Amino acid sequence: MKKIVVVMGICAIALLAQCEKEKDTTFLITNNSVGQLEKVSLIRDLEVIFYQDSIVKDTMKLTSGLGARSIKIYEKGGNHLLTLTPSSDSIPRIQNVRINDPRFKTEKGIGLNSTFKDIKEKYTIQKIVTAINNIVIFVKDSDIYFTIDKSQLPESLRYVSSPNIEAVQVPDHAKIKYLMVGWE
């Protein structure tokens with residue numbers, strides 16, 4: 001009888017240990033998912049995916065009449081979680097995801113509260129593209145990209161429209177302005 005109790009106890013401990021290992025993916029960003037949203041998700045499925053949250057669709061139609069230009073997902077408490085851009089396909093999917101909540105983090109731990117130094121330490125930078133007010137950082141082997149406001153750059157680079165900004169020119173303390181995932 002004692003052997004059965006010991007075996008049952010070991011099984012119970014193993015089961016509890018396994019349950020603790022399961023990772024909470026509610027705010028996890030991967031190449032194929034952002035929280036509950038998956039790369040293959042269709043726009044029509046958003047009501048099911050975010051059944052506990054509020055979905056606000058931009059009702060302004062595109063010139064081609066293809067529906068919303070952006071879809072905002074809000075937590076029931078009012079926190080803005082995500083802004084989604086649908087594709088213009090006949091069966092629309094998610095084209096871009098803009099992360100609005102700092103609780104979302106990549107598999108490597110990068111989120112909206114991270115800095116350029118954090119990005120450099122965790123990812124290999126593929127290229128940096130300059131825009132009017134921002135720089136966009138693309139990383140290798142990932143659909144994730146980061147935007148940093150030019151106000152975070154040295155003054156000599158803020159007003160230059162040169163497309164060539166190197167990673168060494170971006171200060172380590174520069175904060176992420178936008179965290180995006182582009183699936184199409």
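Residues numbered from 1 in each chain as written. Predicted model: local features only at pLDDT ≥ 70, side-chain atom pairs only at ≥ 80, totals over all residues. Heavy atoms only, no water.

What to know about the pairing of strand β11 (residues 144–149)
Phase 1: When you tally the buried positions in β11, you get five out of six residues, the bulk of the element.
Phase 2: Where strand β10 (residues 134–139) and β11 come together, five bridges link them in antiparallel fashion. Paired with F138 across the two strands is Y145, which belongs to β11.
Phase 3: Between β10 and the antiparallel strand that follows it, β11, lie four residues; D141 among them carries a positive phi value of about 55 degrees.
Phase 4: Inspection of the sheet shows β11 paired to strand β12 (residues 178–182) by four bridges, in the antiparallel sense. Paired with I144 across the bridge in β12 is V181. (Buried < 20%, exposed > 50% of the residue type's maximum accessible area, 1.4 Å probe, protein only. Helix = DSSP H or I, 4+ residues; strand = E, 2+ residues; numbered from the N terminus. Pairing = 2+ DSSP bridges.)

As for the packing of aromatic side chains
Phase 1: Across all of its chains, the model carries three aromatic pairs by this definition.
Phase 2: Looking at K127, its charged tip hangs above the ring of F138, at a distance of 5.5 Å from the centre. (Phe/Tyr/Trp six-rings, centres within 6.5 Å; stacked < 30°, edge-to-face > 60°. Lys NZ or Arg CZ within 6 Å of the ring centre and 35° of its normal.)

Concerning the side chain of S114
Phase 1: Along the chain, S114 turns up in the loop between β8 (105–106) and α3 (116–122).
Phase 2: Residue S114 is classed as buried on the basis of its relative accessible area of 7%.
Phase 3: With sequence-adjacent residues up to four places away left out, S114 is seen in contact with G109, A174, K175 and I176. (Contact = heavy atoms within 4.5 Å.)

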